[in-house]
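Spelled out, the chains give:
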Amino acid sequence: DGGGGGGSAASDYVPQQLSTGARVEHQVDINELQFEREVGRGAAGIVFAGRYYDRDVAVKQLDVHGGPVTTLLKMFQAEAALMIKLPHHVNVVTLIGVTPPPNFWIVT
C-alpha cells in the first residue's frame, strides 16, 4: 500500500535492524500485543492503549496514509532510535520495543 504520496510503499521497505539501531531485544513479539482502544491521533501516527503480556502499554502505529511514506518512515526511525538510546528515567516513558516490518509500531 503506497500511502499518501511519494516514496516507496511501506510494504516494500525492509530496513536493516529496523534502521533504528534496534537490536533483537528491542523487538516486540506482535503475537503478544493486544490493542484495546484508540487514545490519540497525530500527523504521523495513531496511538492505542493496549496490553503486552501482562503490562499496560501505549502503541504508536505509523499512519502510512498521513503523508509521503519515505518521510513518515524517517520520522518513525528517528523516534525509535532516540527512544532506544534514552536512559531510564521516571519522567520519560520507557520503551518496551518496536515491531519488525511490515508493522511499524513503537510500544511504550
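As the structure is a prediction and not an experimental result, all values here were calculated from the model.

Cut-offs used in this document
Residues numbered from 1 in each chain as written. Predicted model: local features only at pLDDT ≥ 70, side-chain atom pairs only at ≥ 80, totals over all residues. Heavy atoms only, no water. Core = buried A, V, L, I, M, F, W, Y, C linked by side-chain atoms within 4.5 Å. Buried < 20%, exposed > 50% of the residue type's maximum accessible area, 1.4 Å probe, protein only. Helix = DSSP H or I, 4+ residues; strand = E, 2+ residues; numbered from the N terminus. pLDDT = per-residue confidence, 0-100. Contact = heavy atoms within 4.5 Å.

Another aspect to go through is the nonpolar core. Within soluble globular proteins, side chains that are nonpolar generally end up buried alongside one another. Among the nonpolar cores identified, the biggest contains 14 residues, and Leu62, Leu73, Phe76, Leu95, Phe104 and Ile106 are the most heavily contacted of them. With seven residues, helix H1 (residues 69–85) is the largest single contributor of residues to this core. Of all hydrophobic cores here, the second largest spans eight residues; its members include Val59, Ile96, Trp105 and Val107.

When pLDDT is averaged along the protein chain, the result is 76, and 75% of the positions lie at 70 or above. Looking at the elements of the protein chain, mean pLDDT is at its lowest for H1, recorded as 82, and at its highest for strand S1 (residues 33–41), recorded as 95. Under a pLDDT of 50 for its full length, residues 1–22 has, in the predicted model, 48 contacts with residues more than four places off or in other chains.

The next point concerns the environment of Leu62. Here Leu62 shows up in strand S3 (residues 55–62). The sequence separation of Leu62 and Gly42 amounts to 20 residues, and the corresponding C-alpha distance is 9.7 Å. Discounting residues that sit within four places of it in the chain, Leu62 has contacts with Ala44, Gly45, Leu72, Leu73, Phe76, Phe104 and Trp105.

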